[in-house]
Amino acid sequence: MKTNESRRWTARRKVSQAILHIVLIFSLILVLYPLLMMVFGAFKSGTEYNSNKWLPALPLRLSNLSDAFESIRIYLFNTLIVALFGIVGMIVISSMSSFAISKLKFKGNKVCFYLVLALTMVPGVLSLTSQFLLYRNFGMQDSLMALIVPMWTGGCVFGVFLLCSFYAGLPDELFEAASLDGAGDFIKYWKIALPLSKPILATLVIMQISGVWGDYIWPRLILSQENYTIAAGLAFSFELVSTTAQPIKFAGYLISAIPVVLLFIFFNRFYVEGLASSGLKL
Amino acid sequence: MKAFFRYIWQHRTAYLMVAPLVIGVLIFCYYPPIHGIFLAFTDKTAAVGKQVTLVGFRNFIELFRDPIFKNSFGTMLLIQIPRLIAGICVPLVYAEFIFALRSKQSQAVYRMLVLLPVVAPGVVSILVWKQIYQVDGLLNGILHMFSSEAPAIDWLGDANWVIFAILFMGFPWIGGAQVLIYLAGIMNIPKDLFEAADLDGATALQKIVIIHLPLISGQIRYFLIFGLINGLQDYGTQVVLTQGGPGYATYVPGYYMYELMNVHGEYGKASAIGVILFLIIMVLTAVSFKFIRFGNSKDEN
């Protein structure tokens, strides 16, 4: 009697687990299908796509990829330049100042911290117009500097927030030994604090890369076509060429998505940490 | 005075280390919003050499008389309220489903998979959805499968359908990041709470409502407030998918601001929209903080 009861219980649990899996997988397929459709489409010929838009088809037309790459190469290149200079600067500026704010005792360190933190309360719509005019007045219109400088300034806010609490948690003894050896404040930062914060820096790098990769409104406003980064290039230039066949466009989307997807696969841990820590703000 | 400079000199390394950040932030992050408020009261346009004059509230008065601007608020509510609700509820349900799985391995697999759509650049998914919404696109194809008489709808070109098209994009709206944040919250709940509930014979649904919801109210509050703040400012979809069209059917205030600035060079008026949105955001944030605190204290009783 009792075994019967518990057997029925496990059977019921198995069924409910199976239903859960089905619901989860089905909704994932729905969410992922547009991306799959893009992958399928990227390898079709124009005529194949016209007759069969939504399902995979053979033969794979690999030339689409090279055709698309030819057209979006310049945008990928611009994106890499912006990401490289922007991120290196962002890392140096935010880690250096965070170390000074949280470990070096000087008047005004709290003020600096709140000055940066308060920026999270300023919505982007309030500054967009005058930001545009400011960058134009500095002669950065149509220069990649217009994308790099925001990373060195506003792009540091979140990094300062994370790094300040990390550095503040480091024990002071760690730095006292270095002081006895005659190390200055900068050496303490460069040799001790910076290497210790590598995991946080990796998270920040990943977040910045996906930011640069996805941004299109600001590049569209401040740059001309040949200086667009990848997202703006796809949406406002590559997409609008009516002579480009749709499969080649899909191939372009695919190429532009590959680097960030690879980044996600190889640095999954930092990616997830970035998402989780951005949710910890409240 | 001398003592002040001596202090600075003694701590010069520290001041030099924060200087790039502080100077950069003051110029590029603090000046623009302050100047933006000033611009809202001027007649600044893209015209070169024109004298810029203070015009008081003229930009604001003109905006409130402008039917495009007034209608754009309704459009914003139509788009953002369903998005906000879906953005809070769907990931929660999905996170609960993943949490209910017995096998830890499959939980990990789903956690990974759910992030994939987030990882691809947002522009790419908007552009793919644009293809789905074409007259000969996937959505009409699916409708045609169910009923051969289904009319082919021009989802993005028909003012009656375009809001639906914007909302339906990304169906079923499982935001990967939100799912992970919810899951982390649920997994942090102490196990003994569940054991107590099991002893009381609580059903799965009861456990979710009584134990989960109060303990992840922080996450819900976070998504609500940031959803409001971001939703009010959002016009990224319009820029790529509809350009505000057809007609003015998908104009939201943020998009109108973008258009005034980018196409018409009406910097004063564009800034005025920025100021209006800023005020609304301030009020909504204050209200939602207050409202939610109130809700929490009631829970504790």
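Residues numbered from 1 in each chain as written. Chains lettered and ligands numbered in written order. Predicted model: local features only at pLDDT ≥ 70, side-chain atom pairs only at ≥ 80, totals over all residues.

### Concerning the overall build of chain B
Turning to step 1, where the next piece is worked out: Across its full length, chain B carries 16 helices and zero strands.
Turning to step 2, where the next piece is worked out: Projected onto its principal axes, the C-alpha coordinates of chain B cover approximately 75 × 75 × 40 Å.
Turning to step 3, where the next piece is worked out: Within the span of chain B, comprising 301 residues, buried residues form 36% of the whole.
Turning to step 4, where the next piece is worked out: The long-range fraction of contacts in chain B, counting pairs at least 24 apart against all pairs at least 6 apart in sequence, stands at 67%. (Helix = DSSP H or I, 4+ residues; strand = E, 2+ residues; numbered from the N terminus. Buried ≥ 20, exposed ≤ 12 C-beta atoms within 10 Å, placed from the backbone. Contact = placed C-beta atoms within 7 Å.)

### As for the overall build of chain A
Turning to step 1, where the next piece is worked out: A tally of regular secondary structure across chain A gives 14 helices and zero strands.
Turning to step 2, where the next piece is worked out: Its C-alpha atoms give chain A a radius of gyration of 25 Å, more than 25% over the compact-globule value 19 Å for 282 residues.
Turning to step 3, where the next piece is worked out: For chain A, the spread of C-alpha atoms along the three principal axes comes to 75 × 70 × 40 Å.
Turning to step 4, where the next piece is worked out: Long-range pairs, those at least 24 residues apart, make up 75% of the contacts in chain A between residues at least 6 apart in sequence. (Rg over C-alpha atoms; globule rule 2.2 N^0.38 Å.)

### As for the environment of B:A184
Turning to step 1, where the next piece is worked out: Among the secondary structure elements, B:A184 is positioned in helix α10 (residues 176-187).
Turning to step 2, where the next piece is worked out: Sequence separation of B:A184 and B:Q219 is 35 residues, and the distance between their C-alpha atoms is 9.9 Å.

### Focus on the domain arrangement of chain A
Residues and elements named next belong to chain A.
Turning to step 1, where the next piece is worked out: Domain annotation of chain A identifies domain 1 (2-42) and domain 2 (63-281).
Turning to step 2, where the next piece is worked out: Summarising the inter-unit geometry, the C-alpha centres of domain 1 and domain 2 are found 38 Å apart.
Turning to step 3, where the next piece is worked out: On the domain 2 side, the residues contacting the four residues of domain 1 number seven residues.
Turning to step 4, where the next piece is worked out: Within the side of domain 1 that touches domain 2, the residues separate by chemical class into three nonpolar, one polar and no charged. (Domains from an automatic or database assignment. Nonpolar A, V, L, I, M, F, W, Y, C, P; charged D, E, K, R; others polar.)

### Re the packing of helix α13 (residues 246-266) of chain A against helix α7 (residues 122-132) of chain B
Turning to step 1, where the next piece is worked out: Here α13(A) crosses α7(B) at 160°, and the two axes come no closer than 10 Å. Comparing their axes, α7(B) and α13(A) come out roughly antiparallel. Pair α13(A) / α7(B) crosses with left-handed handedness. Where α13(A) approaches α7(B), its residues A:Q246, A:Y253, A:S256 and A:A257 are matched on the opposing element by B:V124, B:L127, B:V128 and B:Q131.
Turning to step 2, where the next piece is worked out: Of the residues in the contact of α13(A) with α7(B), the class split is five nonpolar, three polar and no charged. (Axes fitted to C-alpha atoms, helices over the stretch in contact; angles between N-to-C directions. Parallel < 35°, antiparallel > 145°, perpendicular 65-115°, else oblique. Left-handed = near helix turned anticlockwise from the far one by under 90°.)

### Focus: the packing of helix α3 (residues 63-103) of chain A against helix α6 (residues 145-152) of chain A
All names here are of chain A.
Turning to step 1, where the next piece is worked out: At a minimum axis distance of 8 Å, the contact between α3 and α6 shows a crossing angle of 25°. By the criterion of interaxial angle, the relationship of α3 to α6 is roughly parallel. Crossing of α3 against α6: the hand is right-handed. When α3 is examined against α6, the residues V82, F85, G86, I87, G89, M90 and I93 are found in contact with a partner set consisting of L147, I148, M151 and W152.
Turning to step 2, where the next piece is worked out: Residues that form the contact of α3 with α6 fall into these classes: nine nonpolar, two polar and no charged.

### Re the interface of chain A and chain B
Turning to step 1, where the next piece is worked out: Contacts between the two partners involve 73 residues from chain A and, on the opposite side, 74 residues from chain B.
Turning to step 2, where the next piece is worked out: Ranked by residues supplied to the side of chain A that touches chain B, first place goes to helix α1 (residues 2-42) of chain A with 13 residues.
Turning to step 3, where the next piece is worked out: Looking at the side of chain A that touches chain B, its residues break down into 52 nonpolar, 17 polar and four charged.

### Overview of the environment of B:S103
Turning to step 1, where the next piece is worked out: Here B:S103 is to be found in the loop between α4 (67-100) and α5 (104-113).
Turning to step 2, where the next piece is worked out: Sequence-wise, B:S103 and B:G247 are 144 residues apart; in three dimensions their C-alpha atoms are separated by 52 Å.

### Here we look at the nonpolar core
Turning to step 1, where the next piece is worked out: Core analysis: the largest hydrophobic core is formed by 142 residues, its most contacted members being A:L234, A:Y253, B:V123, B:L127 and B:M257.
Turning to step 2, where the next piece is worked out: Counting contributing residues per domain, this core is built from domain 1 (2-42) and domain 2 (63-281) of chain A, each supplying no fewer than three. (Core = buried A, V, L, I, M, F, W, Y, C linked by C-beta atoms within 7 Å.)

### Some words on the confidence of the model for chain A
Predicted coordinates in areas of low pLDDT are best not read in detail.
Turning to step 1, where the next piece is worked out: Summing up the model confidence of chain A, the mean pLDDT is 87 and the portion of residues at 70 or higher is 96%.
Turning to step 2, where the next piece is worked out: Looking over chain A, one finds the lowest element-wise mean pLDDT in helix α14 (residues 268-278) of chain A, namely 75, and the highest in α6(A), namely 94. (pLDDT = per-residue confidence, 0-100.)

### Side note on unusual backbone geometry
Residues and elements named next belong to chain B.
Turning to step 1, where the next piece is worked out: For the peptide bond that leads from F171 to P172, omega is 0°, which places it in the cis range.
Turning to step 2, where the next piece is worked out: As for its placement among the helices and strands, P172 is situated in the loop between α9 (162-168) and α10.
Turning to step 3, where the next piece is worked out: Even without being glycine, W173 reaches a positive phi, approximately 55°.
Turning to step 4, where the next piece is worked out: Mapped onto the secondary structure, W173 falls in the loop between α9 and α10.
Turning to step 5, where the next piece is worked out: The phi dihedral of Q243 is positive, around 50°, even though this residue is not glycine.
Turning to step 6, where the next piece is worked out: Mapped onto the fold, Q243 is located in the loop between α14 (236-242) and α15 (253-262).
Turning to step 7, where the next piece is worked out: Given 14 C-beta atoms within 10 Å, Q243 falls into the partly exposed group.

### Overview of the environment of A:M38
Turning to step 1, where the next piece is worked out: Among the secondary structure elements, A:M38 is positioned in helix α1.
Turning to step 2, where the next piece is worked out: Residues A:M38 and A:F132, 94 residues apart in the sequence, show an inter-C-alpha distance of 34 Å.
Turning to step 3, where the next piece is worked out: Ignoring sequence-local partners within four residues, the contact set of A:M38 consists of A:F250, A:Y253, A:L254 and B:V128.

### Details of the confidence of the model for chain B
All names here are of chain B.
Turning to step 1, where the next piece is worked out: The predicted model of chain B has a mean per-residue pLDDT of 86, with 97% of residues at 70 or higher.
Turning to step 2, where the next piece is worked out: Throughout residues 294-301 the model reports pLDDT below 50, and contacts reaching past four residues in sequence, or to other chains, amount to two contacts.
Turning to step 3, where the next piece is worked out: Reported confidences for the modelled complex are a pTM of 0.88 and an ipTM of 0.87.

### Thoughts on helix α13 (residues 217-233) of chain B
Turning to step 1, where the next piece is worked out: Taking 1.5 Å per residue, 17 residues should reach 24 Å; α13(B) reaches 24 Å between its end C-alpha atoms and fits that length.
Turning to step 2, where the next piece is worked out: Considered for burial, the residues of α13(B) that qualify are B:Q219, B:Y222, B:F223, B:I229, B:G231, B:L232 and B:Q233. (Expected span 1.5 Å × (residues − 1).)

### A closer look at helix α2 (residues 12-39) of chain B
Turning to step 1, where the next piece is worked out: When the terminal C-alpha atoms of α2(B) are compared, their 37 Å separation across 28 residues agrees well with the 40 Å that a helix rising 1.5 Å per residue should span.
Turning to step 2, where the next piece is worked out: Here α2(B) has its buried residues at B:A14, B:Y15, B:M17, B:V18, B:L21, B:G24, B:V25, B:C29, B:P32, B:P33, B:G36 and B:L39.

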